[in-house]
2 protein chains.
Amino acid sequence: MMKDNGTSDRLTWSCPVSVDQYPHVVMAHGGGGKLMNQLIDGMFARAFANPLTERRHDGAFAELPKNRIAFTTDSFVVRPLFFPGGNIGDLAVNGTVNDLAMCGARPLYLSAGFIIEEGLPMESLWKIVLSMKNSADAANVHIVTGDTKVVDRGKGDGLFINTSGIGVIEKEIYPQAIQPGDSIIINSDIARHGMAIMAVREGLTFESEIESDTASLSEMVMNMIENGIDVHCLRDATRGGLASVLVELSQSGGYEFHIEESAIPVRDDVAAACEILGLDPLYVANEGCMAAFIAGKDAEKALQIMKNFPTGQNASVIGRVMDSREARVIMKSRIGTRRIIDMISGEQLPRIC
Amino acid sequence: MMKDNGTSDRLTWSCPVSVDQYPHVVMAHGGGGKLMNQLIDGMFARAFANPLTERRHDGAFAELPKNRIAFTTDSFVVRPLFFPGGNIGDLAVNGTVNDLAMCGARPLYLSAGFIIEEGLPMESLWKIVLSMKNSADAANVHIVTGDTKVVDRGKGDGLFINTSGIGVIEKEIYPQAIQPGDSIIINSDIARHGMAIMAVREGLTFESEIESDTASLSEMVMNMIENGIDVHCLRDATRGGLASVLVELSQSGGYEFHIEESAIPVRDDVAAACEILGLDPLYVANEGCMAAFIAGKDAEKALQIMKNFPTGQNASVIGRVMDSREARVIMKSRIGTRRIIDMISGEQLPRIC
């Protein structure tokens with residue numbers, strides 16, 4: 001399980017698949033023949049090399065340290081493929097790592113399924129694959145099995161990536177474990193990922209560039225569990241943003257939540273960008289922000305642990321779970337008014353992950 | 001883990017998502033809001049309901065009966081979505097189930113990631129989801145976790161599905177276990193899947209319709225293992241067909257294979273269709289056909305077990321593994337000449353799975 005930093009260094013080299021001959025991905029790279037094997041050997045097997053991928057078979061073999069697992073899947077269709085702070089590759093690894101962490105599972109193994117549109121520059125694919133390798137290393141997971149498909153020009157959009165993941169349960173965490181009196185804590189300011197994507201799409205420029213918050217939350221979560229924090233539920237606030245996640249969890253958990261708007265950190269430039277585009281940051285996607293439901297007695301300690309991690313610098317208690325069985329989210333605004341937070345019907349921002 | 005046949009019957013009902021209001025999938029069905037939750041509750045959670053999906057969380061929790069697992073992933077981009085003998089849904093379940101079986105693993109849990117193009121008829125999606133449920137029941141696996149993304153019209157092609165799977169190892173099977181003296185057995189006639197797809201695409205009609213051979217091979221494989229057959233390697237002959245799989249395995253395993261063309265069953269109508277389109281059936285994809293490398297002493301018994309299953313009726317010993325360390329595949333033709341079988345560079349048939 002040790003990372004081979006030597007390998008990592010070598011991988012900053014330029015694209016290992018012959019770009020002279022194939023500057024772009026062609027249909028045959030997904031055809032099951034020689035070209036596909038060259039792509040797999042030259043790029044995927046090289047970047048993701050680990051002891052479990054050596055046998056070149058239909059799947060990977062692995063020995064799990066425990067029998068109780070979490071299993072999750074996520075497809076990534078973000079547009080554009082590259083954006084400030086990351087690319088579809090980082091997102092695909094961190095997204096699935098975080099889904100496992102939200103289950104209280106220690107992420108171990110990921111799969112990677114690529115659906116490539118004919119014509120994708122080979123150099124772009126290599127950059128994305130390198131990002132996946134680096135994110136996987138950072139989260140201490142291995143990408144152990146994969147699949148490559150190529151679709152005709154105009155039948156895809158550059159690249160879609162599916163990552164599925166397996167982790168072993170350290171503490172089972174789920175919405176029905178939410179209890180009255182739980183503190184609701186978020187680890188960071190919100191809306192950075194969605195606004196980073198929108199700024200690129202809309203051609204907006206700000207004094208400081210807004211970067212995606214894409215990051216693994218796994219180490220922080222494992223640290224909380226190892227330190228005995230009574231974590232009841234965790235959920236990363238991706239599509240639909242923090243508001244949608246809170247509404248979903250109040251419904252799944254069956255309790256009323258009270259939230260203080262003034263306690264939710266939003267960076268000034270992010271808030272300004274939201275205002276320009278007429279978006280409510282509460283509904284804008286994050287890729288490194290979670291809502292944590294922590295037994296009230298442990299809230300302060302949880303906050304301190306979060307602040308020990310780069311992704312937890314802006315951790316903040318934003319509200320609490322009430323006794324009421326009325327499953328709704330009520331927010332007290334900065335000026336003291338109260339309103340019920342609703343789930344949006346569709347989406348403000350298509351294809352942000 | 002018991003199947004609820006009552007549920008299965010109810011699922012022949014018409015599409016549970018309001019088709020009046022949303023006859024087609026819209027962007028908002030992938031947006032993380034109410035519409036996405038309606039789609040998940042109304043369709044996916046309903047079709048795939050099982051004890052592990054009740055918690056509506058970021059992943060599924062599962063208890064594995066053994067610690068040694070196989071893990072695999074596959075994305076499906078077949079065109080058209082519906083074809084004689086099946087659809088992308090059957091294919092997505094059987095494909096991943098078979099990849100696990102080829103590792104000697106008993107398939108247990110699948111994930112399902114949907115990338116839907118805006119405008120896909122809701123009824124089509126429901127038919128596909130039902131097929132997935134039925135194929136999963138037939139293979140005795142549960143679809144326990146999923147993901148839904150929607151991409152803009154013209155940025156996808158109806159539907160892409162990723163399935164990843166976890167199985168527990170019953171006997172570790174891989175290319176490097178191939179031994180000289182192994183019999184090479186295939187369980188069925190070849191080239192049906194690829195030709196079923198091509199016939200639709202090219203608008204060919206034959207006296208009898210050629211149907212895809214899509215099927216789970218898992219039960220047959222588990223039965224061979226349970227009966228103590230000394231299985232050295234298994235590989236399903238999908239993209240690139242039987243020829244590509246044999247060449248790949250001779251290279252991974254490091255031995256020379258001798259194959260008899262006359263022993264490889266090809267149905268007359270399939271052979272005729274191949275001839276019309278100028279295709280070699282050896283390179284045409286299958287979705288229910290595998291090459292099995294069995295210790296010579298067990299070949300006859302393996303053949304008998306295969307013939308007990310619907311997918312093994314045409315099982316046939318097609319060749320053997322030689323002592324020679326020259327990694328190549330030599331085929332004796334019907335008229336007695338010998339030739340080296342090569343891997344094709346690209347593909348004859350794009351997007352057959």
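Above this text you will find the structure in question.
Report on the accompanying structure. Keep in mind the model is a prediction, meaning the values are calculated, not measured.

**Quick word on the environment of N227(B)**
Residues and elements named next belong to chain B. Mapped onto the elements of the fold, N227 is located in the loop between helix 6 (218–226) and strand 9 (231–236). On the accessibility criterion, N227 (38% relative accessible area) is partly exposed. Sequence separation between N227 and K301 is 74 residues, and the spatial gap between their C-alpha atoms is 9.2 Å. In this view, N227 contacts K301 and I305; residues no more than four positions away in its chain are not counted.

**Structural notes on the pairing of strand 2 (residues 68–76) of chain A**
Residues and elements named next belong to chain A. In terms of burial, strand 2 is largely enclosed, as 8 of its 9 residues are buried. In this structure, strand 2 lies alongside strand 7 (residues 159–169), joined through 8 bridges in antiparallel fashion. Across the sheet, T73 pairs through a bridge with S164, a residue of strand 7.

**Here we look at the relation of the copies chain B and chain A**
When chain B is brought onto chain A, the operation consists of a screw motion whose angular component is 180 degrees and whose axial shift is 0.0 Å, with 0.0 Å RMSD remaining. Given the turn and translation reported, the copies of this chain are related as if by a two-fold rotation axis. No C-alpha of chain B approaches the rotation axis more nearly than that of G156(B), which lies at 2.2 Å. Comparing interface residues between copies, 100% of those in chain B also lie at the interface in chain A; the contact surface is shared.

**Some details on unusual backbone geometry**
Residue and element names in this part refer to chain A. In this structure, the amide linkage connecting R79 to the following residue, P80, adopts the cis form with an omega of 0 degrees. Positionally, P80 belongs in the loop between strand 2 and strand 3 (82–83). A positive phi is found at A191, a non-glycine position, where the angle reads about 80 degrees. Looking at the element boundaries, A191 is found in the loop between strand 8 (183–186) and helix 5 (192–202).

**A closer look at the pairing of strand 2 (residues 68–76) of chain B**
On a regular strand, one side chain projects to one face of the sheet and the next to the other, so that they alternate. As judged from the 4 bridges shared by strand 1 (residues 60–63) of chain A and strand 2 of chain B, these two strands associate in the antiparallel manner. Each residue of the ladder has a partner; that of E63(A), found in strand 2 of chain B, is R68(B).

**Quick word on the sheet that holds strand 6 (residues 142–151) of chain B**
Two modes of strand pairing occur in sheets, parallel and antiparallel, and in both the strands are linked by backbone hydrogen bonds. Here 5 strands make up an open sheet; going across it, the order is 1(A)-2(B)-7(B)-5(B)-6(B) and the pairing mixed. Looking at which strands have only one partner, the edges of the open sheet turn out to be strand 1 of chain A together with strand 6 of chain B. Across the sheet, the axes of successive neighbouring strands diverge by a mean angle of 20 degrees, strand direction being ignored.

**Notes on the packing of aromatic side chains**
On inspection of all chains with the given rule, the structure shows 8 aromatic pairs over all chains. Aromatic pair F71(A) and F71(B): ring centres 6.4 Å apart, planes at 80 degrees, arrangement edge-to-face. Taken together, the positions of F71(A) in strand 2 and F71(B) in strand 2 put the pair across two chains. Both residues of the pair, F71(A) and F71(B), count as buried. Measuring from centroid to centroid gives 6.3 Å for Y174(A) and F61(B), while their planes differ by 75 degrees, and the two rings are edge-to-face. Placement of the pair is Y174(A) in the loop between strand 7 and strand 8 and F61(B) in strand 1 (residues 60–63), with the two residues belonging to separate chains. The cationic tip of K149(A) hangs over the ring face of F76(B); the distance from NZ or CZ to the ring centre is 5.6 Å. When the ring centre of Y255(B) is taken as reference, the NZ or CZ atom of R325(B) above it lies at 3.9 Å.

**Some words on the nonpolar core**
With 81 residues, the main nonpolar core has F114(A) and L125(A) as its most contacted residues. By residue number, the principal contributor to this core is helix 4 (residues 122–138) of chain A, which donates 8 residues. Other than its neighbours up to four places away in sequence, F114(A) contacts F44(A), F48(A), L125(A), V129(A), M132(A), D147(A), T148(A), K149(A), L159(A), F160(A) and I161(A). A47(B), A136(B), A196(B) and V329(B) belong to the second largest nonpolar core, which has 79 residues in total.

**Here we look at the interface of chain B and chain A**
Taken residue by residue, the interface counts 84 residues in chain B and 84 residues in chain A. With its nearest N and O atoms 2.7 Å apart, the salt bridge here joins D152(A) to R351(B). Tallied by class, the residues present in the side of chain B that touches chain A amount to 34 nonpolar, 26 polar and 24 charged.

**Focus on the side chain of T145(A)**
Position of T145(A) relative to the elements: it lies in strand 6 (residues 142–151). With a relative accessible area of 9%, T145(A) lands in the buried category. In this structure, T145(A) is in contact with D58(A), G59(A), A60(A), L110(A), S111(A), A112(A), F71(B), T72(B) and T73(B), ignoring residues within four places of it in sequence.

Conventions we followed
Residues numbered from 1 in each chain as written. Chains lettered and ligands numbered in written order. Predicted model: local features only at pLDDT ≥ 70, side-chain atom pairs only at ≥ 80, totals over all residues. Heavy atoms only, no water. Helix = DSSP H or I, 4+ residues; strand = E, 2+ residues; numbered from the N terminus. Buried < 20%, exposed > 50% of the residue type's maximum accessible area, 1.4 Å probe, protein only. Contact = heavy atoms within 4.5 Å. Pairing = 2+ DSSP bridges. Least-squares fit on C-alpha atoms with pLDDT ≥ 70 in both. Axes fitted to C-alpha atoms, helices over the stretch in contact; angles between N-to-C directions. Phe/Tyr/Trp six-rings, centres within 6.5 Å; stacked < 30°, edge-to-face > 60°. Lys NZ or Arg CZ within 6 Å of the ring centre and 35° of its normal. Core = buried A, V, L, I, M, F, W, Y, C linked by side-chain atoms within 4.5 Å. Salt bridge = Lys/Arg side-chain N within 4 Å of Asp/Glu carboxyl O. Nonpolar A, V, L, I, M, F, W, Y, C, P; charged D, E, K, R; others polar.

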